[in-house]
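Report on the structure
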Amino acid sequence: MAVSCVTTSLEEEVKPRLDFGNIQTPLIFNPSILNLQPNIPNQFIWPDDEKPSIDVPELEVPLIDLKKFMSDPVSPSSSTLEASRLISEACTKHGFFLVVNHGINEALISDAHEYMGRFFDMPLSVKQRVLRKPGESCGYASSFTGRFSTKLPWKETLSFRFSDEKSLSKTVEDYFCDALGHGFEPFGKVYQEYCEAMSSLSLKIMELLGLSLGVNRDYFREFFEENDSIMRLNYYPPCQKPDLTLGTGPHCDPTSLTILHQDHVNGLQVFVENQWRSIRPNPKAFVVNIGDTFMALSNNRYKSCLHRAVVNCESERKSLAFFLCPRKDRVVKPPRELLDSITPRRYPDFTWSLFLEFTQKHYRADMNTLQAFSDWLTNKPI
Ligand SMILES: O=C(O)CCC(=O)C(=O)O
């Protein structure tokens, strides 16, 4: 990985420069060069009130065992009812829980991590073949140097689209081959399979969320059939000043449901009861969290919670994030069961495509994204 001095049209737009105080050069995030400096560029230094604390207490999140649920008949068993009770409790409070016995092949998870390492180890010129352009949600981002010029995250990402529509059955494989070349076919195959597995798992979790909200078990599952989701590979290199920067800044996911697999290195933190708390890595588990779009679907019953990722000076860290999103034209509105005279509609109807556009073109995701979007929709001239 490399920080070098390449000028692209993206940089011209925001004109970020490497700023060590006295010397300024155009900014590209290349840790192998940045790590040779005693300090980090100012753009990566976060304001004091957002600087990370490394030793934070652990968040207690329920461990949901999916084994029985996966083979549960239509009428739920007592273990499924217990799982749905635990999910309801966690999602009302902060929206985070872990799932184990999820049925995803360990070798597939390990391949997904392995290929992520291979991708980020490639020369910058190769990764830049799929450079993420302003206003787009997919592609390679070396930090967010092309989009923002302050509070930059200490990470590289590769994001791509997954569609569960039958006519688009090979979106991921095609993306790798078309954008990066035929040598990337094995990457495409691994991530196509991984995304298909994540999509199936998220539909099962949707059934549990439906049960836990007292809505028909199939309601949310059907809502997310033909989902148009986003997969993101997060690579956090070690940082010589981990107390000054963040790997991922504080934000709530605008998407519907996130299924995250972290490697063995600590980093994920969630803001609960006015305090940052960590979620300890568990290679056998996926971390699941509610996003803003599901918060709107549940009419605010379930929380989309602020979270971030910290970095450290010794080890690199990797995480795989699958962001479940509805088909772009689906209208997001809560089912009738979640409305009554004391709990009226909390957000207006919207489509995921409009919300996605809002987060890519008008607003940097933070803890108020959904409210800002809702205000924007309400006040937008027709
Ligand atoms: O890497 C992590 O633990 C969190 C990643 C995350 O929040 C994101 O990609 O939106």
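Residues numbered from 1 in each chain as written. Predicted model: local features only at pLDDT ≥ 70, side-chain atom pairs only at ≥ 80, totals over all residues.

Before going further, it helps to spend a moment on the nonpolar core. Counting residues in hydrophobic clusters, the biggest one holds 92 residues, and the most contacted among them are Phe96 and Val287. Considering every element that reaches this core, the biggest residue donor is helix α8 (residues 185-212), with twelve residues. When neighbours within four sequence positions are excluded, Phe96 is seen to be in contact with Leu59, Val61, Ala90, Val270, Ile279, Val287, Asn289 and Cys305. (Core = buried A, V, L, I, M, F, W, Y, C linked by C-beta atoms within 7 Å. Buried ≥ 20, exposed ≤ 12 C-beta atoms within 10 Å, placed from the backbone. Helix = DSSP H or I, 4+ residues; strand = E, 2+ residues; numbered from the N terminus. Contact = placed C-beta atoms within 7 Å.)

Right, let's get into the site of the ligand. As a matter of local geometry, the ligand sits amid Arg232, Asn234, Thr248, Asp253, Leu260, Gln262, Gly267, Leu268, His307, Ala309, Ser319 and Ala321. Of all the secondary structure elements, the ones that give two or more residues to the shell around the ligand are β7 (228-236), β9 (257-262), β13 (307-309) and β14 (317-324). Counted by class, the shell around the ligand contains four nonpolar, six polar and two charged residues. (Near = placed C-beta within 6 Å. Nonpolar A, V, L, I, M, F, W, Y, C, P; charged D, E, K, R; others polar.)

Judged by pairing direction, the sheet is antiparallel, and its four strands sit side by side in the order β8-β13-β10-β11 without closing on themselves. For this open sheet the edge positions go to β8 (248-251) and β11 (275-278), each flanked by a neighbour on one side alone. Averaged over all adjacent pairs, the angle separating strand axes in this sheet is 25 degrees, with direction ignored. Both β8 and β13 contribute to a ladder of two bridges, which runs antiparallel. Across the sheet, residue His251 finds its bridge partner in β13, namely His307. (Pairing = 2+ DSSP bridges. Axes fitted to C-alpha atoms, helices over the stretch in contact; angles between N-to-C directions.)

Once that is clear, we can look at the pairing of strand β6 (residues 156-163). Taking burial as the measure, the eight residues of β6 include six buried ones, the bulk of the element. Strand direction decides the pairing type here: strand β5 (residues 139-142) and β6, joined by four bridges, are antiparallel. Bridge assignment links Ser142 to a residue of β6, and that residue is Glu156. In this structure, β6 lies alongside β7, joined through eight bridges in antiparallel fashion. In the strand pairing of β7, Ser159 is matched with Arg232.

You will see that Lys151, though not glycine, has its phi angle at about 45 degrees, which is positive. Although it is not a glycine, Glu226 adopts a positive phi angle of roughly 60 degrees. In this fold, Glu226 is placed in the loop between α9 (219-223) and β7. For Glu226, a count of 18 C-beta atoms within 10 Å corresponds to the partly exposed category.

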